[in-house]
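Here's the letter readout for the chains.
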Amino acid sequence: MSTSAYGMTVANTVVTASDGVLALAWLIPTIPLIGFVAVLLATKRLGDKSAGISIGAAALTFGVALAVAAEVLRNPATYIRELPTWISVGGFDVRFDLLIDQLTVVMLLVVTGVGLLIHLYSVGYMHGDSRYPRYFAYLNLFLASMLVLILGSNLLTLFLGWELVGLSSYLLIGFWFERANYASAAKKAFITNRVGDVAFMVAMFVTFITFGTLDLLAIIDNAEILASTTAFVLVLLFMAAAAAKSAQIPLYVWLPDAMAGPTPVSALIHAATMVTAGVYLTVRLSSLLVLAPNAMLIIAWIGALTALFAALIAVRQDDIKKILAYSTVSQLGFMFIGVGVGAFREAIFHLVTHAFFKGLLFLAAGSVMHAMANRTNIYEMGGLRRAMPITFATSAIGWLAISGIPPFAGFFSKDQILTEAYLHGFGGVYVIGVIAAILTAYYMTRWFVLVFLGTPRWPDGVDPHESPRSMTAPLMILAAASAIGGLALNPVHTGPLYRFLAPVVAPITDLGYTPVGPWTEVILIPLAIVAAVAGILIAVFTLRGRNLNDPATREIVRGPVGRVLENKFYVDEAYAAVFVTGGSRLGRALQVIDTRVLDGVVNGAGTVTTKMAGYVRGAQTGLVRNYVYVLVAGMLVITAYMMILAR
Amino acid sequence: MGMITVTILLPVIGAVLLAVVRSLTVKQVQTVAFGATVAAFVASLVLLSQFDRTNPNLQLTEAANWIPAVNAQIAFAVDGISLALILLTTFLTPLVLLASTSSITDRFRGYAAAFLLLEAAVIAVFAATDILLFAVVFELTIVPMYLIIGIWGGANRRYAAVKFFLYTLAGGLAMLVAIVYLYTKAGSFAYADMLQLDLTLSEQRWLFFAFLAAFAVKIPIWPVHTWLPDAHTEAPTGGSVFLAGVLLKLGAFGVLRYLLPLFADATRLYAPWLVGFAVVGILYGAIVALMQSDVKKLVAYSSVSHMGFVVLGTFALNTTATSASVVQMVNHGLSTGALFLLIGFLYERRHTRQIAAFGGLGAAVPVLAGFWLIVSLSSLALPGLNGFVGEFPILMGTFASYPTAAVLASFGAVLAALYLLWAYQRIFHGPLVSDENRATPDMTRREIGIITPLVALIIAIGIYPSPLFNLVEPSVERVLIETGVGETMTLGGGAR
Amino acid sequence: MNSSDIQIPDVIWSAFAPELLVTAIALALLLVAITRGQTLRVTGPVAALGVGTGIALIVAGSAVAGVVTAVVTASLAGASVLYPRRASIVQAVGAVGAAAGALALTVWQFTSVVTNDVGVFTPQGAFFDSLANDGLALFARFTVYLVVLIVIPLGYGYMRDRELNRAEVEPLVLFAAVGMVALATANDFITVFVALEVFSLALYVLAGSARRDRRSQEASLKYFILGAVASAILLYGMALIYVATGTLALPVIGDILGIAVTNRTVALFGIALITVGVTFKVALVPFHLWVADVYQGAPSNITAFMAAATKVAGFALLLRIYLVAFPAFVDVWAPVLAVLAAASMLYGAYVAVSQHDLVRMMAYSSITHAGYVTIGVVAVTDTGLASVMFYLFTYALTTLLTFGALIAIERSRRGEVTLNTIVGLGRTDPWLAAMLSVGLLSLAGVPLTAGFIGKFMVFRAGIESGWLWLVIIGVLSSVVAAYFYLRIAGMMFLNEPVNDAVRPAYGQVMRVVISLAAVAVIVIGVLPSAILDMADTLAVMLR
Amino acid sequence: MTVLTQGGIGLTATPETVLFIVFGVLALGSALAVIMLRNVVHAALMLVVNLLAIAGLFLGLQSAFLSIIQVLVYGGAIMVLFLFVIMLLGVNRDDLLVTDRSTRILAFAGAAVLSAAILFTFIGPYTSAASICGPEAAAPTAVTDVRCYGLEQAYDRTDGAGAAFLGGTLFTRYTYAFELSAVLLTVATIGAVLLARRRDRDASDDDIDDIAETLPSDDTQEV
Amino acid sequence: MPIGYYFILSGLLFSVGLLGVMIRRNAIVLFMCVELMLNAVNVTLAAAARMWMGPDGQVFVFFVIVVAAAEVVVGLALIVNLYFRRGTLDIDIPSLLRR
């Protein structure tokens, strides 16, 4: 306890939480888990009412989380809640211990808070679904898993949560499994994540070989024993794992498809919480990261490219959720820019604000879809501002927040990341980030305008109306958070959140960072605002007066470039060609090898036996004279052997 | 009479009862068979209670003269490894019999008797400390299984049964020759005496391969696995469950008990090769599983892949990986057994195992789908379920010795997810179009009762595997010391 | 020249008492046949004579021999009383009685004659050692008479159904048995040759005893021609050994060849020719060609007898000749026998795979088994000798069991038993199918059957003597062999019966005999100690 | 004779040599005739000549008693039986030779190899002066030379014709074989009766054959 | 005269007999050839008996003659039987049993 945890400049003490509210921290993942099981078991008896259990569990979890957070805020330290052993074999020990520190608390609040809101929202949104209780059960399972991920004090327990969120995600994406492509999307998400998991597992192997433990604190404390090559490999492996979970190039492909799930799920899992797990992981291991500057450079570039790439794709999408999905990928890219340039706290800050505004935008989209009888094409919308005033208003806040217009939350977090990138000497990353920011403003404006402004383009028979209170209430709460969250948490570079998180992230020393005067930021901030406004204005001007009913001309970006963007750079197709077609070719080849070659040898041995038997059997001619010949021949051979060879 | 003998004899008594008393009604036959297996399970629990976990050696020894002329004894003893596998056996058999009561309508008496004999033989394999006795019961397991596949199996059962028989017999006979050789050196068949033998490396080499022939076929190690898909596909549900759950473990058990300690030098010499074959098996089995249209065949190939992990861990030769291998044996028994049970339930409803015939069943049979998913997840090593706690330490331990192999094998996990979830998707997801699918009834109370213990264990081991690890680890360490890698490779520490 | 120069041999009656009894009963049975239904006319006096002899023997001190004689002859008369007009039953009872009596006398010989008070077993020679009552002889005697005891009831109903139950059959079987035992006890070339011819001639005739069946006739003719040629070759070999050594007594030959060889080439030539003759009798490749045809053509009960007993006699001869007469030339003949054994094991197994007729399949299987036994021979150790005896004993039992079942099937069918015949037998007659399966599993060498222990012992002997490659070939052939045994079992159990499914016919006696054989096969498989110990004890030869 | 003597292979013109050459040539020639003559009766007669020639050889070997037995049993009983059967069956013409040329060549080659082995075995050690039988035999000159002792001394102790000499051994040393030969003759007799006795219902005798012929004698089915 | 010539003659006679067995198809002639072989061996035995000054060989000849007689009895019975059934003495005709 007296050791300096984390090896950070601002050290936390390590405390074993044995009493008080922190001792009850084990309840945080357990309550939703119990909720999950209880709902499943109670469904038969209680029917749709069993969903109440789930909401109760979420609320209770949020309550406990709040209490824990309050405790940590009051006495900042790293708390370990000891729990039983999970696996212990031959020097490999893993316990279920919980790790609670500042980073955990931030994540806890985001997850449980947004989670609770989405539980509530879902009451209205999922109303009438045939598997209503099961949906809530899955939500609870997700919460439990995500909380295990956040609280695990050990890479393996973290991995446990990591995988279980994948499972929940799988279950929820494929919630409407009757739709074949939804089921495929679920599977795609799981499999893609598995690829990352391999990297995660190998990373754990390397970690264990190196450190002799998978305990997070021990790793962070002893990070400096890493050789630089090992550190480089290790960081990249963790990044590969994070790239899968957080939808970065090249493993982002599952996230847009994941929009097959119910919209609140998209909001919760595929925008606010789960997909940020990769960010959490890398920030958690920041003291490892800083040992491998080259790896961080790669991370930053992955983030930047993903941000730009996804933003470009979003420009030509016309599905209300797909745009948001690519936007999420893009925003996650920003977070990884933060991680890559060493702005760990900024990344977390952006994670938080993103949870607010992206959750908000998704929920709003859900609200719109709810009103539009599950239509998702933004060209079939328009002019909803009157029909759905609350949704419109809250969406507007979300739109401004993501576009980076001050004083909304997104502005602060995104700007701080880009500024850090610039300050740390990542000029290229900064430029790409700015371009991505302009694009973000552009496509979000397009999204907003096409959905809410202009004249209605929806077909006959659709009668949009505002969603019920259970849905609008979360919208409003999130809108409020999006509006003031940034200002409240970290208005300037060294705000409260920044200071709060200081003990748990590694300081940047070695990245060519030369502290520059505050005047640099003074230049950069207006630049960011100009970029955001430029994006919005481009969108507004290009959309004005355009015939949006004509598919041929309604898009601004047309021609070959447009087609490439519309088809998402053909990445899915390329992957299909390489992995699906190639894989099935290989599979067929092995199948042939199995049946023809390996089994063929066996069966062939049988056939040869039978054939040989047939030939040999031919000697048995039935003619006694031939038998005599054989007899005499045998006699001569034996005689010859004995008399000549064996003399 | 010691508890091991009791555990072995109880099923035998049941079988004899079934064979001798001809006037039993079907109900009575079921009761006798089930009762005998449950009694054996209870007996094995008593065995567990008598077992001293801290003692790594073979214990609870029982011995009686068998063939004094050749110094052969009927000698039994258990260590943690064998006890774990005995428990797995006695746990699975009642469930298997219970599951068969509805599917096996023809000559259930013979079926039950065959199973009881099989159970007894398998327990004897795990408990034998006389190597001749081991060989005898090892071979003997073939016969009832042959009958079970051959009589109660599917359309192509004869081919599958004969293939199973000849494949395994061929391996077993090679081992028999080696055993006789060992006997001529040691002058007795006692395992303890065999351990004292001082064999030259060239002797060890061929003996190693002779033993390996028997075990590799049984496990099965690629490329001698081709009997398995056929056997699994054609076997009745109970047969498949038992085959996957228990019989495949005989080989892996044999490797641990005999191959490693007796031919330590050869083992260390050839371990890299076997690791290589294991990796090939893992990936190959998984890829071929992907291509299957028959769900049983798919699971059969998945067994090839999963047993590859067991082999990998065993020949990684460090406590972590090798102990986890034993745990993985149990896990594979549970999850693949459960999967076969579920396939059997589905088959009873639909009389087909072609994946293409299904689709959208998740809506029609949600409970079955749920269980299936859990079991599939266990099989694809989702953390929190049992498959993971076996597979991960195996890979971890292997990484310490063979990093490349471990990394390659890790991709087996991706592939496992792919084939299992793809199969799940094709069976349970998608629109519920055909009338047969729509009319498929969900699981009955009895079926839920059968699968629940398995799933409970799957989850329990996934969350709290320590008792299992504690049971096997001392024994595994003993084996590794005998194999000459006793200075247990300390994982971690020095950076590579 | 005065007659006092001629030594009057001191006949040790106890040395061949079983043969004496069997021969006497066989002659009596011949007489029974000519009474035309008045069997008591013969059996009465025979019984009187027998009982009288028995009492005399008891008085003379041979209580066991006396009792056996009296009981066997009395039972013959008893059968006559019970079935006054059924000569065939009386004959069958007489033959069984003779075999049982001979068995009793064999046991008596072992316990009282060749084993002294403190239980030490000493081989006994008689007639200037032209007859050897050693372990091998006692083993062969016991096994052969046991085979007779079993085969007579197995064949009774079968022969009746096929109208083969001619009066000469039982006596010929008994004479053949006497010949076989005499061969096993023979310790010089003359006795060997005569004994060989005794049982060979009897078997030639028996093989052709189904006179109306062309196949039987053909079998008989083929067997005869080949047998005669082989005998001639064997005889020439013996003559050459005589040329080389100047003696015909096997132990003396062994001594002479061991000390100094006048002319090695002649001896080698002789050994080569003897190898041909002897391996012809035990049917090792390439001198096996008669086996399949003869087995298939001969009446099945005779085939059973041949398969079970001839192997015993043949291997007894082989062992005695090679181990007693030619131990000095082991380097020469052992490789040859090993090659023949390997060829037999592979050939038999491979060809059997493609057979359709079960009896013919059994013939090839017997070739395979001859190969296995030969592994024990080339081991040239006491372990090997014991393993050979054990193997032969269990093989005889198993063969009888298998043929018993086949005979039961054949009786119903009056024709060949093919794979198609037995389809679904597991349904129509589970008991018989089970019995046949036990036999087949034992032949295949599946654990917990006698066959497994037999193979095990033989392989062990082989490995101990360094014949690893031979053992490996044995294993390979076992796998192939398992396939065809398994195929039969599969046909019975894994298939549903067809419409004209067989309904095997057998009486209670047959049922009991087959069951006992099956039980014996399993008991020996599980607890082989008694037989193994006995084999170890008997692995002593008069040298 | 002289030529042979000069050839140095030990043949001298003793009476024994004369006997040997005369009867040897006769035996070999008649044997070849047996296997070459197509007429069975002629072959049988040639066999008689062969048997008698061998009886002559026995004389040369100082085995007069064997010679007598040979004439009586073989030349008398056995050959009569042969001729009787031949006549009974009425098969005096026979052209049943193996017609296949290559087979015949093989057969001759086989016989030639065997003959070569025999010559190889005996020429040399058994044809030296030491192998001349009786007291007149020279001392062996090579270690491989075989000494022939001759029967003279043995006969000296008995009656000179060999009968008692033979009988003495036969009824002492080989009693058991002698007794067995009694069984052998019984077996032969019973066997002949069993096989050759013609019984009832010969007309429908072949019913079983018919069944046998309709059955598939070859396996065409696989499992 | 060296005793070896008897052995050689005997061996040649044996070869001739064996050759006869191989090239003749008539059962009776075949059988006569077997007799030739047995007789050939008799010569060897008698010669060896002389060589070794012992009675054993002569006794063996005696027994061979007995055995030959017994064999002839059985063999001829078989041949008669064959002829009555098949109307031929060709040993190539009976070949029901094969493969």
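It should be emphasised that the depicted structure is a prediction, and the values quoted were computed from it without experimental measurement.

The subject of this paragraph is the overall build of chain E. Helices and strands together make up the secondary structure of chain E, namely three helices and zero strands. Scaling as 2.2 N^0.38, a compact globule of 99 residues should have a C-alpha radius of gyration of about 13 Å, whereas chain E reaches 17 Å, well beyond that. In terms of overall dimensions, chain E has a C-alpha envelope of 50 × 25 × 25 Å along the principal axes. For chain E, the proportion of its 99 residues judged to be buried stands at 89%. For chain E, the proportion of contacts with a sequence separation of at least 24, taken over those separated by at least 6, is 57%. About 1400 Å² of surface is accessible on chain E, with carbon and sulfur atoms providing 58% of the total. For chain E, the distance from the average site of its 7 positive side-chain charges to the average site of its 5 negative ones is 11 Å.

In terms of helices and strands, chain D carries nine helices and zero strands. Helices (α) and strands (β) of chain D occur, in sequence order from the N terminus, as α-α-α-α-α-α-α-α-α. Counting only residues that meet the buried cut, chain D has 46% of its 223 residues in that class. Looking at chain D alone, contacts between residues at least 24 apart form 38% of all its contacts between residues at least 6 apart. When the accessible area of chain D is evaluated, it comes to approximately 10400 Å², of which 68% is carbon and sulfur surface.

A few words on the interface of chain E and chain D. One frequent convention defines the size of an interface as the accessible area lost when the parts assemble. Taken together, the contact between chain E and chain D spans 71 residues of the former and 93 residues of the latter. The junction of chain E with chain D conceals about 7600 Å² of combined surface from both sides, 77% of it contributed by carbon and sulfur atoms. At the boundary of chain E with chain D, the tally comes to one salt bridge. Of the charged contacts in the structure, one is a salt bridge between Arg50(E) and Glu16(D), with a shortest N-O distance of 2.6 Å. At the junction of chain E with chain D, the criterion picks out 12 residue pairs in polar contact (both at pLDDT 80 or more). Put simply, the parts of the chain that give the side of chain E that touches chain D at least two residues each are α1 (4-23), α2 (27-52) and α3 (56-86) of chain E. Among the elements that make up the side of chain E that touches chain D, the one with the highest residue count is α3(E) (24 residues). When the residues that make up the side of chain E that touches chain D are grouped by side-chain class, the tally is 53 nonpolar, 10 polar and eight charged.

Pairwise contact counts over the eight pairs of chains in contact peak for chains D and E. The two partners chain B and chain D share no contact, and the minimum distance between any of their C-alpha atoms is 9 Å. Chain B shows no contact with chain E. Their nearest C-alpha atoms sit 25 Å apart.

Time to look at the nonpolar core. Among soluble globular proteins, nonpolar side chains are generally buried collectively. Counting 814 residues, the largest nonpolar core has Leu156(A), Trp447(A), Phe211(B), Phe305(C), Phe326(C) and Trp333(C) as the members making the most contacts within it. Ranked by residue count, the leading element in this core is α2(E), at 21 residues.

The next point concerns unusual backbone geometry. Note: most peptide bonds trans; most residues except glycine with negative phi. Residues and elements named next belong to chain A. For the bond running from Ile249 to Pro250, omega is 5°, close enough to zero to count as cis. When you line up the elements, Pro250 lands in the loop between α9 (228-245) and α10 (254-257). Residue Pro407 follows Pro406 across a cis peptide bond; omega there is 10°. For Pro407, the position within the fold is in the loop between α18 (389-403) and α19 (409-423).

Here the focus is the sheet that holds strand β5 (residues 98-100) of chain A. Residue and element names in this part refer to chain A. If you trace the three strands from one edge of the open sheet to the other, you get β1-β2-β5, paired in mixed fashion. If you trace the sheet from one side to the other, it starts and ends with β1 (14-16) and β5, each paired once. In this sheet, adjacent strand axes meet at a mean angle of 25° when their direction is disregarded. Of the pairings in the sheet, the one linking strand β2 (residues 78-81) to β5 comprises three bridges and is antiparallel in character. Bridge pairing links Ile80 to Leu99 in β5.

Below, the discussion takes up the pattern of salt bridges. Pairing between side chains of opposite charge can happen when their charged atoms approach one another. This model, assessed by the stated rule, comprises 29 salt bridges over all chains. Residue Asp230(B) is joined to Lys163(B) by a salt bridge in which the shortest nitrogen-to-oxygen separation is 2.6 Å. Of this pair, Asp230(B) sits in helix α10 (residues 227-234) while Lys163(B) sits in helix α7 (residues 157-186); the two residues are 67 residues apart in sequence, bridging distant segments of the chain. Each member of the pair, Asp230(B) together with Lys163(B), is buried. Asp213(C) is the partner of Arg162(C) in a salt bridge, and the nearest nitrogen-oxygen pair spans 2.7 Å. Placement of the pair is Arg162(C) in the loop between α5 (135-161) and α6 (169-185) and Asp213(C) in the loop between α7 (189-207) and α8 (214-245), with a sequence separation of 51 residues. The class for Arg162(C) is buried, based on a relative accessible area of 11%. Three or more residues are tied together by salt bridges with common partners; here these are Asp79(B), Arg257(B), Arg478(B) and Glu482(B).

Residue and element names in this part refer to chain B. Among the structural elements, Thr322 can be located in helix α14 (residues 319-350). Judged by relative accessible area, Thr322 falls into the buried class, the value being 0%. Ignoring anything within four residues of it in the chain, the contact list for Thr322 reads Leu256, Gly313, Thr314, Leu317, Val476 and Leu480.

Looking now at helix α2 (residues 27-46) of chain A. All names here are of chain A. An ideal rise of 1.5 Å per residue puts 28 Å on 20 residues; α2 reaches only 25 Å between its terminal C-alpha atoms. For α2, the full list of buried residues reads Ile28, Pro29, Ile31, Pro32, Gly35, Phe36, Val39 and Ala42. Elements in contact with the buried residues of α2: α3 (51-74), α4 (102-125) and α5 (132-151). Phi turns positive, to about 65°, at Gly47, one or two residues after α2.

Looking at chain D, the pLDDT average stands at 75 and 69% of residues meet or exceed 70. Contacts for the low-pLDDT stretch residues 200-223 of chain D, under 50 throughout, to residues beyond four places or in other chains number 38 contacts.

Residue and element names in this part refer to chain E. Of all residues in chain E, 96% have pLDDT values of 70 or greater, and the mean over the chain is 86. Mean pLDDT values for the elements of chain E range from 88 in α3 up to 91 in α1. Scored as a whole, the predicted complex attains pTM 0.86, and scored at its interfaces, ipTM 0.87.

With that out of the way, let us pick up helix α19 (residues 468-493) of chain C. In this model α19(C) runs 36 Å from its N-terminal to its C-terminal C-alpha over 26 residues, within 8% of the 38 Å that 1.5 Å per residue would give. Counted residue by residue, α19(C) has 21 buried out of 26 residues, so it is predominantly covered.

Now for the side chain of Thr328(A). Residues and elements named next belong to chain A. Mapping Thr328 onto the fold places it in helix α15 (residues 320-341). A polar atom in the side chain of Thr328 sits 2.7 Å from the backbone oxygen of Leu324. Setting aside residues no more than four positions away along its own chain, Thr328 makes contact with Leu255, His270, Ala271, Val275, His354, Lys358 and Phe362.

Taken together, Leu81(D), Phe84(D), Leu88(D) and Phe84(E) make up a surface patch of nonpolar side chains, about 370 Å² in accessible area. In terms of residue count, helix α4 (residues 64-89) of chain D provides more of the nonpolar patch than any other element does, three residues in total. Looking at the element boundaries, Phe84(E) is found in helix α3. For Phe84(E), a relative accessible area of 38% corresponds to the partly exposed category.

This next bit is on the packing of aromatic side chains. Taken as a whole and assessed by the stated rule, the structure comprises 80 aromatic pairs over all chains. Between Trp447(A) and Phe452(A), the aromatic rings sit 6.2 Å apart at their centres with planes inclined by 70°, giving edge-to-face as the arrangement. The pair formed by Trp447(A) and Phe452(A) is uniform in burial state, with each residue classed as buried. Between Phe448(A) and Phe452(A), the aromatic rings sit 5.3 Å apart at their centres with planes inclined by 40°, giving tilted as the arrangement. Here Phe448(A) and its partner Phe452(A) are both found in helix α20 (residues 427-452), four residues apart, which amounts to about one turn of the helix. One aromatic cluster is present, built from ring pairs that chain together Trp86(A), Phe92(A), Phe96(A), Phe159(A), Trp162(A), Phe200(A), Phe205(A), Phe208(A), Phe238(A), Phe388(B), Phe392(B) and Phe399(B). The side chain of Arg131(A) reaches across the aromatic face of Phe175(A), ending 5.6 Å from its centre. Taking the ring centre of Phe138(B) as reference, the NZ or CZ of Lys218(B) above it sits at 4.6 Å.

For the pair helix α26 (residues 624-645) of chain A and helix α5 (residues 101-122) of chain D, the least separation of the axes is 11 Å and the interaxial angle reads 30°. Put simply, α26(A) runs roughly parallel to α5(D). Crossing handedness for the pair α26(A) and α5(D): left-handed. Seen from α26(A), the contacting residues are Arg625(A), Tyr629(A), Met635(A), Leu636(A) and Met643(A); seen from α5(D), they are Thr103(D), Gly110(D), Val113(D), Leu114(D), Ala117(D), Phe120(D) and Thr121(D). Here the contact of α26(A) with α5(D) is built from residues that sort into eight nonpolar, three polar and one charged.

Scoring rules and cut-offs
Residues numbered from 1 in each chain as written. Chains lettered and ligands numbered in written order. Predicted model: local features only at pLDDT ≥ 70, side-chain atom pairs only at ≥ 80, totals over all residues. Heavy atoms only, no water. Helix = DSSP H or I, 4+ residues; strand = E, 2+ residues; numbered from the N terminus. Rg over C-alpha atoms; globule rule 2.2 N^0.38 Å. Buried < 20%, exposed > 50% of the residue type's maximum accessible area, 1.4 Å probe, protein only. Contact = heavy atoms within 4.5 Å. Areas by Shrake-Rupley, 256 points an atom, 1.4 Å probe, with all protein chains shown as cover. Lys, Arg positive; Asp, Glu negative; His and termini not counted. Charge placed at Lys NZ, Arg CZ, Asp CG, Glu CD. Buried area = accessible area lost by both parts, 1.4 Å probe. Salt bridge = Lys/Arg side-chain N within 4 Å of Asp/Glu carboxyl O. Polar contact = N/O pair within 3.5 Å; in protein donor to acceptor, adjacent residues only side chain to side chain. Nonpolar A, V, L, I, M, F, W, Y, C, P; charged D, E, K, R; others polar. Core = buried A, V, L, I, M, F, W, Y, C linked by side-chain atoms within 4.5 Å. Pairing = 2+ DSSP bridges. Axes fitted to C-alpha atoms, helices over the stretch in contact; angles between N-to-C directions. Expected span 1.5 Å × (residues − 1). pLDDT = per-residue confidence, 0-100. Patch = residues over 30% accessible without salt bridge, like charges linked within 9 Å, V, L, I, M, F, W, Y side chains within 5 Å. Phe/Tyr/Trp six-rings, centres within 6.5 Å; stacked < 30°, edge-to-face > 60°. Lys NZ or Arg CZ within 6 Å of the ring centre and 35° of its normal. Parallel < 35°, antiparallel > 145°, perpendicular 65-115°, else oblique. Left-handed = near helix turned anticlockwise from the far one by under 90°.

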